[in-house]
Amino acid sequence: MKKYSKKKLPLDKTRSLLEPGPIVLVSSQWKDDRSIMTMGWHAMMGYEAIGCYIWDANFSHNLIKKSKQCVINLPEKHLLETAIAIGNTTGADIDKFAEFGLTAEKGRKVQAPLIKECYANFECEVIDTRLVNQFNFFVLQVVAAQSAISPKYPETFHYRGSGVFMVSGENIDRSKFFTPEMLDG
Ligand SMILES: Cc1cc2nc3c(=O)[nH]c(=O)nc-3n(C[C@H](O)[C@H](O)[C@H](O)COP(=O)(O)O)c2cc1C
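Residues numbered from 1 in each chain as written. Predicted model: local features only at pLDDT ≥ 70, side-chain atom pairs only at ≥ 80, totals over all residues. Heavy atoms only, no water.

Looking now at the packing of aromatic side chains. Applying the stated criterion across every chain yields a total of 4 aromatic pairs. Their ring planes at 75° and their centres at 6.0 Å tell us that Phe157 and Phe165 sit as a pair that is edge-to-face. Measuring from centroid to centroid gives 4.7 Å for Tyr159 and Phe165, while their planes differ by 40°, and the two rings are tilted. When its relative accessible area of 45% is taken as the criterion, Tyr159 is described as partly exposed. Linked through ring pairs, Phe157, Tyr159 and Phe165 together constitute an aromatic cluster. (Phe/Tyr/Trp six-rings, centres within 6.5 Å; stacked < 30°, edge-to-face > 60°. Buried < 20%, exposed > 50% of the residue type's maximum accessible area, 1.4 Å probe, protein only.)

Right under this line is the structure:
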């Protein structure tokens with residue numbers, strides 16, 4: 001398994017990794033129960049808040065609702081098969097850390113475990129639940145973040161539906177066409 005050395009990431013840099021819409025792994029814990037779910041339906045809401053759809057049939061839904069915390073972990077391509085397996089099993093039946101050979105790391109700000117094998121980890125608190133009953137939509141605030149130092153751009157994967165994924169590729173720098181204030185973050 002790939003090993004990373006990571007450093008603290010300023011919270012307002014979260015968007016640089018999540019704005020492209022990668023598949024993420026959400027880890028959560030409540031009392032003795034923990035789980036990981038695969039997630040594609042998430043969106044930046046400003047620099048440090050993230051909205052996400054967490055289906056109420058998922059075991060993770062209640063863990064996050066009760067603990068009001070979770071960790072968003074950013075996997076690279078080498079974890080694609082693991083992410084599919086995580087997304088096709090439930091933490092109600094198995095411990096996904098043990099089952100899929102992932103290492104649970106202690107966070108700085110939340111009780112939910114971080115996944116060591118991921119490129120970046122965003123510790124989050126639930127700050128708004130007003131759309132949970134109607135839309136399964138949680139609003140999270142990032143309270144601590146860390147990221148690998150290299151590669152500069154992680155090889156993330158993105159879901160197109162029907163079992164088909166896209167892997168992040170070419171970078172095109174067009175910063176010279178941006179006004180300075182639009183280059184923040
Ligand atoms: C590629 C992929 C993307 C997914 N995206 C989401 C999502 O955005 N929201 C969601 O609620 N479930 C999503 N799922 C389904 C959950 O990951 C799945 O139901 C998982 O097994 C829940 O685990 P749990 O019961 O331990 O919480 C996705 C699954 C896959 C494979």
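In this section: helix H3 (residues 80-87). Burial in H3 covers these residues: Leu80, Thr82, Ala83 and Ile86. Summarising the axial view, the buried residues of H3 lie within an arc of 160°, below the 170-degree limit, and thus occupy one face. On the buried face of H3, the contacting elements are strand E2 (24-30), strand E3 (33-39), helix H4 (96-99), strand E11 (157-161) and strand E12 (164-167). (Helix = DSSP H or I, 4+ residues; strand = E, 2+ residues; numbered from the N terminus. Arc of directions from axis to C-beta. Contact = heavy atoms within 4.5 Å.)

Taken together, the buried positions of helix H2 (residues 59-67) are Ser60, His61, Leu63, Ile64 and Ser67. Residues of H2 that are buried in the fold lie against E2, E3, strand E6 (69-74), strand E9 (120-128), helix H5 (132-135) and strand E10 (137-148). Of the residues flanking the end of H2, it is Lys68, one or two places downstream, whose phi is positive at about 60°.

Taken as a whole and judged by the stated rule, the model has 4 salt bridges. As a salt-bridge pair, Lys2 and Glu76 come within 3.0 Å of each other at their nearest N and O atoms. Residue Lys2 is located in the segment before strand E1 (6-8), and its partner Glu76 is located in the loop between E6 and H3; the two are separated by 74 residues in the primary sequence. Given the relative accessible area of 1%, Glu76 is considered buried. (Salt bridge = Lys/Arg side-chain N within 4 Å of Asp/Glu carboxyl O.)

Within the structure, the ligand sits among 22 residues, and Ser35, Ser60, Thr89, Thr90 and Gly91 are positioned closest to it. At 2.9 Å from a nitrogen atom of the ligand is found a main-chain nitrogen or oxygen belonging to Tyr53. One of the backbone N or O atoms of Trp55 is found 2.8 Å from an oxygen atom in the ligand. Against a free-state accessible area of 650 Å², the protein chains account for coverage of 87% of the ligand. Only E3, H2 and H3 provide two or more residues apiece to the shell around the ligand. The element contributing the most residues to the shell around the ligand is E3, with 5 residues. Within the shell around the ligand, the residues separate by chemical class into 12 nonpolar, 9 polar and 1 charged. (Near = heavy atom within 4 Å. Polar contact = N/O pair within 3.5 Å; in protein donor to acceptor, adjacent residues only side chain to side chain. Areas by Shrake-Rupley, 256 points an atom, 1.4 Å probe, with all protein chains shown as cover. Nonpolar A, V, L, I, M, F, W, Y, C, P; charged D, E, K, R; others polar.)

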